[in-house]
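Close look at the chain arrangement
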Amino acid sequence: DSRVDRALARFGIAALAPRRAVALSGGELRRLALARAFALEPAALLLDEPFEDLDAAAQESLSLDLRQALAETGVAVVLVTHDLRRAVSISDRLAVLHGGCVRQVGTTDEVLEHPATATIARLVGMSNLVPGVVAEDGRGIAIDAEHRLAAACALPPGTPVLAGLRPERLKLDVGRGETEPIGKGIVRRVVSDGLLCTVTIAWAGHELRTHLVAGRGLAKTLAPGDGVLLSAQASDVHVLARD
């Protein structure tokens, strides 16, 4: 009984204990399923799409409760999900599956910041992938005659590569000089979901994306057609060899 009580409380449904499971809502049933699993005090759990069909607020609440349950119990969990944000918020390690095979395994930071291939990069949200070649001086990636990205690269000069940059690492420079300027761009689209504002910018014949907090600073004033100065730190540019 004490294990049941702890499990129900852990997932916020202790007050529902007298009710029959068939009378619960979809979100409550999801919490009940997790409570039942944790009440068994397993060594490991496989959770297959535990947030599927829940609204955004319910997903956020349940992921926080699940993370807390993992911290309190030490249960090992393998979580299967298509939602990168949920995976990152809960997991210590990521395994990327593509075409039925595991393509990369590592810590969350390793996989997000250093994807092994362009396909994995796109799957884990590194949407800015720009073709170029290793510069002759070996100090960066030449995109064209006028544009280059500072980057650490051990490949020989002239090697065709893809320069990857996570949207959150691309900065709209406001004159602080904190990052390496990469040139001017033109805003193409500004789309807000109420929390984040995704800005698409034309630069060197390519489209780059960055994220801003919605309703604050530049996110309130940027509009298609605006010119912006872009910058990025060399340590944030991930270099992938091209076929």
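As a starting point, this report considers the structure included with it. (Residues numbered from 1 in each chain as written. Predicted model: local features only at pLDDT ≥ 70, side-chain atom pairs only at ≥ 80, totals over all residues. Heavy atoms only, no water.)

1. A short note on helix α3 (residues 56–73)
Here α3 is 18 residues long and its end C-alpha atoms lie 26 Å apart, about the 26 Å a rise of 1.5 Å per residue gives. Every buried residue of α3 is listed here: Q59, L62, S63, L66, A69 and L70. Looking down the long axis of α3, one finds its buried residues gathered within 125 degrees of arc, a one-sided arrangement. Exposed side chains of α3 directed beyond 90 degrees from the buried face belong to A57, L64 and A71. Lining the buried residues of α3 we find α1 (2–10), α2 (26–39), β1 (44–48), β2 (76–80) and α4 (84–90). (Helix = DSSP H or I, 4+ residues; strand = E, 2+ residues; numbered from the N terminus. Expected span 1.5 Å × (residues − 1). Buried < 20%, exposed > 50% of the residue type's maximum accessible area, 1.4 Å probe, protein only. Arc of directions from axis to C-beta. Contact = heavy atoms within 4.5 Å.)

2. Considerations on the sheet that holds strand β5 (residues 128–134)
Taken in spatial order, the 5 strands of this open sheet run β7-β6-β5-β8-β14, and their pairing is antiparallel. What marks the edges here is a single partner per strand, and that holds for β7 (148–150) and β14 (238–241). In this sheet, neighbouring strand axes are inclined to one another by 40 degrees on average, regardless of whether the strands run parallel or antiparallel. One ladder, built from 2 bridges, connects β5 with strand β6 (residues 140–142); its direction is antiparallel. Looking at β6, one finds that V133 is bridged to A142. (Pairing = 2+ DSSP bridges. Axes fitted to C-alpha atoms, helices over the stretch in contact; angles between N-to-C directions.)

3. As for the nonpolar core
In this structure, I141, W203 and L230 are the most contacted members of the largest nonpolar core, which totals 27 residues. For this core, the secondary-structure elements that each account for two or more residues are β5, β8 (160–165), β10 (180–192), β11 (196–203), β12 (206–213) and β13 (227–232). A per-element tally of this core places β11 first, with 4 residues. Each residue touching W203, except ones within four places of it in the same chain, is listed here: V130, I143, H147, L149, I182, G183, K184, L208 and L230. (Core = buried A, V, L, I, M, F, W, Y, C linked by side-chain atoms within 4.5 Å.)

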